[in-house]
Amino acid sequence: MSLQSFISSLRSGGIHPADDAEMRLKKSLLVFATGLFCTGSMLWLFLYGQMGPQFSANAPFVFQLLLVANLVYFLHSGNFDWFRITQLSLFLFAPFIVQWSIGNFITASGTSLWGLLAPIGAVLICGARESIAWFIAYIFLTALSGFFDYYLADSPISNAHRVSTETSVFFFALNFAAISSIVYLLLRYAILEKGKLQASLEATHRLLQEEQERSERLLLNILPGPVAERLKHDNQTIADGFSDVTVMFVDIVNFTRLAEGMTPQQVFAMLNRIFSSFDELAEQFGLEKIKTIGDAYMVAGGLNSERGHYTRAIAELAIAMRDLLHRDFTVNAQHLDVRIGIGTGPVVAGVVGKKKFIYDLWGDTVNLASRITSEGTPGMIHVDTTTYRRLAGEFDFAAPLEIYLKGKGNTPVYRLYRLKAPATA
């Protein structure tokens, strides 16, 4: 567990909380590559010392110290730009310098192949564009080594170290195997980490989609669908005029007196049962709930995409609400009664404010429906003259009566009873 903890802390070394996922991957890749390079080169140096000629190990040892010292400096300072450039430079130049110190391609068994880690690391850590310079530098150093090895093949310098064919072949195979393993492990690590990153991004995307859908559902619970779409794509004030809208208010009778003898939780539960049932009925009739105001419920037809006979739908909804309270005492446990008022005419509709906004209606039609409701008889549905004329052929009404409405004076209203019975042959 301690070794795993050490490796985990080493992989996450130098990573800051503010780093994005791509930067975290780049940092962990370079630290991982440093560990592989150091481990592989130490193994190579040990085996070469056991099987090969006795040559100076100063250059390889110095480069090992530089790699480790540079890693420690990065973990302490967090300067990734410096760490990236210097570490890739050590990956590139160290193998060539070690090869030159030993002799040539043959005697060093192609040690310069380790320099390939520099352009490969640059592709993974710096990006495709920046890696071109590192690859060109690697090709140049390889060509330079080949040039000098070719022209100095028979010189005393080139023959300073004699290596048996068996040893040379062994270390050629070792170098190819080591660098191939390191490249494979780096690429595999990068692919696995990117796979984890992709999975994390997809999970985050799903969560964002769920949050978006939840937000849209919440918005649609507050605003009509067309208005919600406009609000999402336009920051301008939303205010529309409608020439013909039917507005209905439903007001609970004696609510204030009843609520005085109940706890707040009981009042809330009572209103929630009733208004939730009203919401279901409004949706069933294809009408738009506008809002609740205390113990009053407001609904309208003709605003957006409701069906054509919205005035009839409002009347049917009013009858359904009234009858529900009269027959379903699981919803209406307190046997409450309601006043219902309906008015038809022009309105202005829009979204008020920038915070905690609400979709609302204004105009004389709204005021008329509200006042008809407040002055109406409990258990009755009262409508204005325009609504009556529109529905007289389909519904049964009582004879008109005049009631005094604030700001209107004596106003004729009509009590709506029920749908007319179908004519018999």
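Provided above is the structure to which this section pertains.
All of the points below concern the structure found in this document. Per chain, the residues get numbers from 1 upward, laid out in the order the sequence is written. Whole-chain, interface and lining totals are the exception, using all residues; otherwise, since this is a predicted model, local features are given only for residues with pLDDT of at least 70 and side-chain atom pairs are given and counted only at 80 or more. Calculated side-chain values reflect all of the structure's heavy atoms, with hydrogen atoms and water omitted.

Looking at the pairing of strand β9 (residues 409–419)
Right, so step 1: In this description, strands pair whenever DSSP reports at least two bridges between them. Only DSSP runs of H or I covering at least 4 residues are called helices, and only runs of E covering at least 2 are called strands; the numbering of each starts at the N terminus. Here strand β6 (residues 381–383) pairs with β9 via 3 bridges, running antiparallel. Paired with His 382 across the two strands is Arg 415, which belongs to β9.
Right, so step 2: Taken together, the 5 bridges between strand β8 (residues 401–405) and β9 define a ladder with antiparallel strand orientation. Its bridge partner being in β9, Leu 401 is matched across the sheet by Val 413.

Description of a nonpolar patch on the surface
Right, so step 1: Each patch is assembled from residues with relative accessible area greater than 30% and no salt bridge, linking like charges that lie within 9 Å and nonpolar side chains (Val, Leu, Ile, Met, Phe, Trp, Tyr) that lie within 5 Å. Each accessible area is a Shrake-Rupley result for a 1.4 Å probe, and residues are judged covered by the shown protein chains and nothing else. We define a salt bridge as a side-chain nitrogen of Lys or Arg found within 4 Å of a carboxyl oxygen belonging to Asp or Glu. A contiguous nonpolar surface patch, about 530 Å² in accessible area, is contributed by Phe 147, Phe 148, Tyr 150 and Tyr 151.
Right, so step 2: Secondary-structure assignment places Tyr 150 in helix α6 (residues 128–151).

So, the pattern of salt bridges
Right, so step 1: For the coordinates displayed, the defined rule picks out 12 salt bridges.
Right, so step 2: A salt bridge links Arg 214 to Glu 211; the shortest N-O distance between them is 2.4 Å. In this pair, Arg 214 and Glu 211 are both assigned in helix α7 (residues 165–222), 3 residues apart and thus about one turn of the helix distant.
Right, so step 3: Asp 396 is paired through a salt bridge with Arg 418; the nearest N and O atoms lie 3.7 Å apart. Placement of the pair is Asp 396 in strand β7 (residues 395–397) and Arg 418 in strand β9, with a sequence separation of 22 residues.
Right, so step 4: Assessed through its relative accessible area of 24%, Asp 396 is described here as partly exposed.
Right, so step 5: One salt-bridge network, held together by shared partners, links Arg 312, Glu 316 and Glu 394. Relative accessibility thresholds used throughout: buried, under 20% of the residue-type maximum; exposed, over 50%; partly exposed, between the two (1.4 Å probe, protein chains only).

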